[in-house]
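# Coordinate analysis (summary)
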Amino acid sequence: MVEAAHCTVTEGQIDAAITAAHEGISFEGFELRQTDGGYKLTIPEANTSETLTESALRERLASIPVPLTNWHYWSALDVSDAKYAFLRWLEDARGEELPPPGERYTQLADELERHWGELLITTTIDGDGTRRYSLRHQADATTPDDELTAYDDPLAAQRLAKEDDDGRYRPLKTAPTLQTGWHFPDCSAADLLETVSFFYPATVANWYAESTGGLEVTHWSETTARQTGIYDVAAELPRDAVDWAVEACCVDSQCLKRREWEYDEETAIDVPAGNGEFPCREPCSLLIAAARKWSLIEAEETEAMPLELAPSERDQLEELLDAVAEGKTDEIREADVGDGANRYRARYLRAKLREKGVLFRE
Amino acid sequence: MPEPSQALVVAGHGSHLNPESSTPIFEHANRIRERGVFDEVREAFWKEEPAFREVLRTLDSDEIYVVPAFMSNGYFTNQIIPRELRIADGWKPETDGQVHYSEPVGTHDSMTDVIIRRVETVTNNPAVGPETGLAVVGHGTERHEDSNASTNAHAAAIRARDRFDEVQALFMDEPPYIDDVTEHFETGDIVVVPLFVADGYHTREDIPEDMGLTDDYRDGYDIPTTIGGHRIWYSGAVGTEPLLADVILERAAEAGATIDQDRTTRATKPTPGA
């Protein structure tokens, strides 16, 4: 069995185990139960049990830091099932089944990393088995700590979540635009959970509900039917247009939630759901607000609009649309007139079409 | 038997466009976190996250108190929030806890004290009142909101205290209009307090321009600004006043919350930016 370096048992942990032995402990292969003849102890990765007197047990427990401190950490946590499951998931480096404690302690002694949206969460272990957590933007994975701003209060995440790296407001918390340049170097479990809740609200609850089969999904038709006031018109978005709206707003490049809702119970939306860790269980307020606008546009009468363009100008309209849709306008160099979305190219086309009265009607 | 655990949800509007719209909600929630009287405190929004629709499932407490940070009773407090929380008839809320839904902060009698505190803050004068007029500004009836009721009620309550020479309720979208603020007052000094939760388009742009404090809000304005022989002290949204956190707690207490005991360790932590 692999012992993690620096991990030692405290008297308090031994006392806690002996107290808990009345009811019996059974946790990840570590079993301890008070019996008529003393204490029956089974440790993980060993095939035999032993029965010990209390003083012998105390000595024995002091010699098995991994199973004892592991049990103690998890049994002392006072959190909901969802939060408990999330903290366990953080120690699951392979993303399959939680490795045995001995293997985990070796990884924890080094550092165990997992990604949650754009967050990189690292779990490590104190000398008494207490887990410590740190988090930062995944893009800062290799940024030296002294180049990052350090925070210790979870409330700091409220402000960090509000703006992207360019100082622009992020109306959608799960947009892949989380700002970089910060870290929370040393969090307790409670602080970690609170910090994550400000970066990505409700994601742990939804993820857990999904993993236990309890995620309630509300489909597009049901969500839009519920709307009132200025948003009731969202329900009138034509069926084809719903797919366009989802392609516009809900794919991984725009939102890190994985879409689990469809048009309705029977009809799927033909757009990739995404690969995010946490599920999206109904259309959000941003999508509904956008859908309202598209409903109004789709309700307009269309008309044929003759537009005489050179083939290169037609290509340019595509390039302009692509550049705006992909958020690439900032990347186009000032003098790169070869790119149709170049600012000078756009200004030229605007001047020409305005004079011809085709697009810019008085 | 242990006390049941309790959560507070501060329910605000939020915005897709204005990052500061939710700031007072976060700040009041943080003030309440600091006092440590709830096991959990959570913000929830119509336009931001967590959404009203999702907030209940994030809470683990036995008793959940939802306080709308809205200034009037109306569409949001009567329809939207109950529907989205699924506490309206025919819906099942997504929590095993018991949900208690309070009246909004804006209609509480103690909002009167918050308005007066705001007046004291903006004039930097704890004795403000004599030879001073106070305009409480509401939105008005543009969209079936009943906002004029709470604006009128607070103006009447402050008038009854005989502290200010004159007190008027004025509106953006119905008469008497805030545009003509100086015509409604004899006093040389007029303090203008908008009954809004957050500073945004209305309080930062509309009202200052309508009153003539500035031609273009981007140029800013002085506090006070002299217009037609009157000095106008414009306070910005009353909802940013720290005392509003007390009104939220009072609303939660009226809905049954116990707010006199320390439940968390949060109280020992400083609030960033506080």
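Residues numbered from 1 in each chain as written. Chains lettered and ligands numbered in written order. Predicted model: local features only at pLDDT ≥ 70, side-chain atom pairs only at ≥ 80, totals over all residues. Heavy atoms only, no water.

Attention shifts here to the overall build of chain B. When helices and strands are counted, chain B shows 7 helices and 9 strands. Rg of the C-alpha trace for chain B: 19 Å, near the compact-globule value of 19 Å for 274 residues, within the 12% margin. Looking at chain B as a whole, 58% of its 274 residues qualify as buried. If you take every contact in chain B between residues at least 6 apart in sequence, the share linking residues at least 24 apart comes to 74%. The averaged location of the 50 negative side-chain charges in chain B is 7 Å from the averaged location of its 23 positive side-chain charges. (Helix = DSSP H or I, 4+ residues; strand = E, 2+ residues; numbered from the N terminus. Rg over C-alpha atoms; globule rule 2.2 N^0.38 Å. Buried < 20%, exposed > 50% of the residue type's maximum accessible area, 1.4 Å probe, protein only. Contact = heavy atoms within 4.5 Å. Lys, Arg positive; Asp, Glu negative; His and termini not counted. Charge placed at Lys NZ, Arg CZ, Asp CG, Glu CD.)

A few words now on the state of the cysteines. Covalently bonding the sulfur atom of one cysteine to the sulfur atom of another cysteine gives a disulfide. Residue and element names in this part refer to chain A. Throughout the structure, instances matching the rule amount to 0 disulfides over all chains. Of the cysteine sulfurs around cysteine 255, a residue in no disulfide, the closest is that of cysteine 280, at 6.2 Å. Of the residues examined, cysteine 255 reaches a relative accessible area of 9% and is grouped as buried. (Disulfide = S-S within 2.5 Å.)

Our focus in this paragraph is helix H11 (residues 285-298) of chain A. Along an α-helix, a turn takes 3.6 residues, which lines up residues three or four apart on a common side. In this model, H11(A) (14 residues) spans 20 Å end to end at C-alpha, consistent with the 20 Å of a helix rising 1.5 Å per residue. Among the structural elements, helix H9 (220-226) and helix H10 (239-249) of chain A are those in contact with the buried residues of H11(A). (Expected span 1.5 Å × (residues − 1).)

Here we take up the packing of helix H1 (residues 23-35) of chain B against helix H7 (residues 244-254) of chain B. Residue and element names in this part refer to chain B. Packing of H1 against H7 leaves a shortest axis separation of 9 Å and a crossing angle of 70°. Between H1 and H7, the interaxial angle falls into the category roughly perpendicular. Considering how the two elements wind past one another, H1 and H7 form a crossing that is right-handed. In this structure, H1 contributes His28, Arg31, Ile32 and Arg35 to the contact, and H7 contributes Leu244, Ala245, Asp246, Ile248 and Leu249. Along the lines of polarity and charge, the residues of the contact of H1 with H7 split into 5 nonpolar, 1 polar and 3 charged. (Axes fitted to C-alpha atoms, helices over the stretch in contact; angles between N-to-C directions. Parallel < 35°, antiparallel > 145°, perpendicular 65-115°, else oblique. Left-handed = near helix turned anticlockwise from the far one by under 90°. Nonpolar A, V, L, I, M, F, W, Y, C, P; charged D, E, K, R; others polar.)

Remark: a regular strand shows side chains that alternate across the two faces of the sheet. All names here are of chain B. Taken across its 5 residues, strand S9 (residues 230-234) has 4 buried, putting it largely inside the fold. Strand direction decides the pairing type here: strand S7 (residues 189-194) and S9, joined by 4 bridges, are parallel. Looking across to S9, one finds that valine 192 is bridged to tyrosine 234. Two strands pair when backbone bridges link them, and strand S8 (residues 225-227) and S9 are joined in this way by 3 bridges, in the antiparallel orientation. Bridged to threonine 226 within S9 is arginine 231. Counted between consecutive antiparallel strands, the loop separating S8 from S9 contains 2 residues, among which glycine 228 sits at a positive phi close to 55°. (Pairing = 2+ DSSP bridges.)

Taken by themselves, the reported measurements are silent on function.
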